[in-house]
Amino acid sequence: MFEKINEYALRCMPFTPQDLEKFDSLLQKKTYPKKSFLLQEGEVCQFEAYILKGCIRSYHIDHSGAEVTLQFAIEDWWVSDITSFHSQTPSVMYIETLEDCELLILTPETKEKLLAAVPGFERMFRLMVQRNLAQLQERLFRTISTTAVEKYLDFLNRYPAIPQRVAQHYIASYLGFSPEFLSKVRKKLSADK
């Protein structure tokens, strides 16, 4: 059960077997059926979750009532509301399973125990935050400086496993398109082939 998450950790730092044993002892395995909410707006996020199996979507509902997809997460990825988790303030987002999921969970308490016992995990989580920030900056740049077709092709290139696992209207929401506009983009690409 811990093999994949330990491989993830070892890609970040050369942890000892004892370090990994401590890490594993603090993780809680949870399973959720498809269409389960892990977090809803107004709740305080009590988890950082590593995905063993499944697909998850994080989204926000804007002022007009439209869902804005912020992230998709699949196996070997982490999911959380980092702001709510670290500040212990109410979230402004929803985190929902799109498939049956198996997760390994750290709570604020278990994460603090881990960081106190094995300080090297601070580096792992710092690297995760840095990678996430870099991806968000790239996404912002693509959002403001590329065409709709370029955005869609970039999404397909970066996340080739996602389109087969999520509904097209979720992809449209992630890209900032209406479902109808995404359909037009896809038709244009088909016609250009």
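In the block above lies the structure referred to throughout.
Per-chain numbering applies: the sequence of each chain, read as written, is numbered from 1 onward. Predicted model: local features are reported for residues with pLDDT of at least 70 only, side-chain atom pairs are reported and counted for 80 or more only, and whole-chain, interface and lining totals are derived from all residues. Based on all heavy atoms of the structure, the side-chain values leave hydrogens and waters out of the count.

1. Some points on the sheet that holds strand β1 (residues 28-32)
Sheet strands pair via backbone hydrogen bonds, and the direction of the pair is either parallel or antiparallel.
Logical step 1: Strand order in the open sheet formed by 4 strands is β1-β8-β3-β6, with antiparallel pairing between adjacent strands. A single partner strand is all that each edge strand has here, and the edge strands are β1 and β6 (78-79).
Logical step 2: Following DSSP output, two strands are said to pair if at least two bridges run between them. Where helices and strands are cited, they refer to DSSP runs of H or I of at least four residues and of E of at least two residues respectively, numbered from the N terminus. Two strands pair when backbone bridges link them, and strand β3 (residues 48-53) and β6 are joined in this way by 2 bridges, in the antiparallel orientation. Bridge pairing in β6 links alanine 49 to valine 79.

2. Some remarks on the environment of phenylalanine 85
Logical step 1: Structurally, phenylalanine 85 is set in helix α3 (residues 82-87).
Logical step 2: Judged by relative accessible area, which is 4%, phenylalanine 85 ranks as buried.
Logical step 3: Phenylalanine 85 sits 37 residues away from glutamate 48 along the chain, and the two C-alpha atoms are 7.7 Å apart.
Logical step 4: The contact rule is simple, with two residues in contact once any of their heavy atoms fall within 4.5 Å. The contact partners of phenylalanine 85, leaving out residues within four places of it in the chain, are Cys45, Gln46, Phe47, Glu48, Ser80, Leu106, Thr107, Pro108 and Lys111. Relative accessibility decides the category of a residue: with a 1.4 Å probe and only protein chains considered, values under 20% of the type maximum give buried, values over 50% give exposed, and everything between is partly exposed.

3. Thoughts on the sheet that holds strand β4 (residues 56-61)
Logical step 1: Overall, antiparallel pairing links the 4 strands, which are arranged β2-β7-β4-β5 in an open sheet. Both outer strands of the open sheet, β2 (37-39) and β5 (67-73), are each paired with one neighbouring strand and no more. Neighbour-to-neighbour, the strand axes of the sheet open up by a mean angle of 30°, direction not taken into account.
Logical step 2: When β4 meets strand β7 (residues 94-97), the two strands line up antiparallel, connected through 4 bridges. Bridged to arginine 57 within β7 is glutamate 96. Axis geometry follows a simple rule: fit a line to the C-alpha atoms, using only the stretch in contact for helices, then measure angles between N-to-C directions, giving values from 0 to 180 degrees.

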